[in-house]
Amino acid sequence: MDIQTTLEQLCAACGPSGFEGPVAELAQTLLKPMVDEVYTTRLGSVVGVRRCGKENALRLLLDAHLDEIGLLVTGQEEGFLRFRTIGGVDPRMLCDREVTLLTDPPTYGIVTCMPPHLPSREEMDKSIPIRDLFIDIGYKGDEVRVPVGTPGTFRGGCTGLGETQFCGKALDDRACMVTILRALELLEGKELDVDLYVLFSTREEVSAAGAAAAVWQITPQMCIAVDVTHGETPDGPKDKTFKLGGGPAIGIGPNMTRWMSRRLCQLAECEQIDYQREVMEGHSGTNAWPMQISREGVATAVVSLPLKYMHTPIEVVSAADMESVARLLAAFVADPGKEGCVC
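Residues numbered from 1 in each chain as written. Predicted model: local features only at pLDDT ≥ 70, side-chain atom pairs only at ≥ 80, totals over all residues. Heavy atoms only, no water.

Visitor: So what's going on with the pattern of salt bridges? Residues and values would help.
Guide: Throughout the structure, instances matching the rule amount to eleven salt bridges. Residue R51 pairs with E37 through a salt bridge whose shortest N-O separation is 2.5 Å. One end of the pair, R51, is in the loop between β2 (46–50) and β3 (58–65); the other, E37, is in strand β1 (residues 37–40), and 14 residues separate them in sequence. Note that D90 and R92 form a salt bridge whose closest N and O atoms lie 2.6 Å from each other. What emerges from the salt-bridge pattern is a single network uniting K54, E191 and D193. (Salt bridge = Lys/Arg side-chain N within 4 Å of Asp/Glu carboxyl O. Helix = DSSP H or I, 4+ residues; strand = E, 2+ residues; numbered from the N terminus.)

Written out as structure tokens, the structure is:
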């Protein structure tokens, strides 16, 4: 599997929370050659199953979410579209952004932006509230044919940045989908002791409903939420950001099952994979939160991919980190150990 090509395909697809259809279709296509079965849940999540063929095998689930942040059309005024946001969209990032509205065929637009010559100095220092922004699709008032409720995303895909990084939209969490696909590739031909479930879940950015429903149905004994965490930048807090190129961040805290975090650290050291420890003192902000309390409770871990500029139109990840995350996931699937293992 070519990581860059797969990442470009996934990032180019549009799939805001609740409208993930195009990404889900692509995910099914990518999964089918690597697993024994692929199916879609009632909430649109994609599940792939690789069975080990052993009686009473434990079920281990790897999750990454399909959806991305986006926009939702609420009306129009004089040819311009009003909208609200889906998920955690920062209004500071919206002005003059190109967007894709998911009509058939797609409609392209630009979020309105007042030229710097016109606002006062005080206005220049403030972000514009979303209620005061519009989408310009190049039509006059009576010509607009974009229905209320039409979703949209930032326009764009993914490309290389420098020699070792990728940049683009929706790398949260399409980059983690690629790491799971790569882990499946690394496990090809290896005998497993667990039935492996891959979950590409919907609606993480708004409610985590896709993962919650799927885990309730699958009833795994172990889950790993594979998501992004904040990458280190010059202006970011050093205690809350993680170095790109420093390897996966392994979550440690009450949302994670202690023996699983320890096992992941142990495996990283055994496999000589650089890794970082991420203290999560409460809610991890990932699908691990609802997965952990599904039914009577599920042993849960979080493995995070460092990513710069989260929830912006252009996010950045490291190719080396993606490979390291994939290797760590593959190592855990091949030998998850058992409760009480020591790191």
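Visitor: Explain the packing of helix α6 (residues 258–270) against helix α8 (residues 319–334) residue by residue, including any values.
Guide: Axis separation between α6 and α8 bottoms out at 10 Å; the angle between their running directions is 115°. Considering their axes alone, α6 and α8 lie roughly perpendicular with respect to each other. Considering the relative orientation of α6 and α8, their crossing is right-handed. Side by side, α6 and α8 meet where W259, M260, R263, L264, L267 and A268 of the first sit next to L328, A331 and F332 of the second. Residue composition of the contact of α6 with α8, by class: eight nonpolar, no polar and one charged. (Axes fitted to C-alpha atoms, helices over the stretch in contact; angles between N-to-C directions. Parallel < 35°, antiparallel > 145°, perpendicular 65-115°, else oblique. Left-handed = near helix turned anticlockwise from the far one by under 90°. Contact = heavy atoms within 4.5 Å. Nonpolar A, V, L, I, M, F, W, Y, C, P; charged D, E, K, R; others polar.)

Visitor: Let's hear about the nonpolar core: which residues, and what values?
Guide: Counting 63 residues, the largest nonpolar core has L7, F200, I224, M322, L329 and F332 as its most contacted members. When neighbours within four sequence positions are excluded, F332 is seen to be in contact with L60, M222, I224, W259, M260, R263, L264 and L267. Within the second largest apolar cluster, 17 residues are counted, among which are A214, C223, M280 and A288. (Core = buried A, V, L, I, M, F, W, Y, C linked by side-chain atoms within 4.5 Å. Buried < 20%, exposed > 50% of the residue type's maximum accessible area, 1.4 Å probe, protein only.)

Visitor: Help me get a handle on the pairing of strand β7 (residues 107–111), residues and values and all.
Guide: Of the two faces of β7, only one is covered, namely that formed by T107, G109 and V111; the face formed by Y108 and I110 stays uncovered. The antiparallel hairpin formed by strand β6 (residues 98–101) and β7 contains five residues in its connecting segment. (Pairing = 2+ DSSP bridges.)

Visitor: Give me the sheet that holds β6: which residues, what numbers.
Guide: The pairing of strands in a sheet comes from backbone hydrogen bonds and takes either a parallel or an antiparallel form. A barrel is described by the order of its strands in space; here six strands give the closed sequence β4-β5-β8-β7-β6-β9, paired in antiparallel fashion. Here β6 pairs with strand β9 (residues 151–154) via three bridges, running antiparallel. Note on β9: the bridge partner recorded for L101 is G152.

Visitor: An account of helix α1 (residues 3–12) is needed here, citing residue identities and associated values.
Guide: Along α1, the residues classified as buried are I3, T6, L7, L10 and C11. Along the long axis of α1, the arc covered by the buried residues comes to 125°, so they all point the same way. Elements in contact with the buried residues of α1: α2 (21–31), β10 (158–161), β11 (165–168), α4 (171–186) and α8. Here α1 starts with a cap whose side-chain oxygen sits 3.3 Å from the backbone nitrogen of Q4, and that cap is D2. (Arc of directions from axis to C-beta. Polar contact = N/O pair within 3.5 Å; in protein donor to acceptor, adjacent residues only side chain to side chain.)

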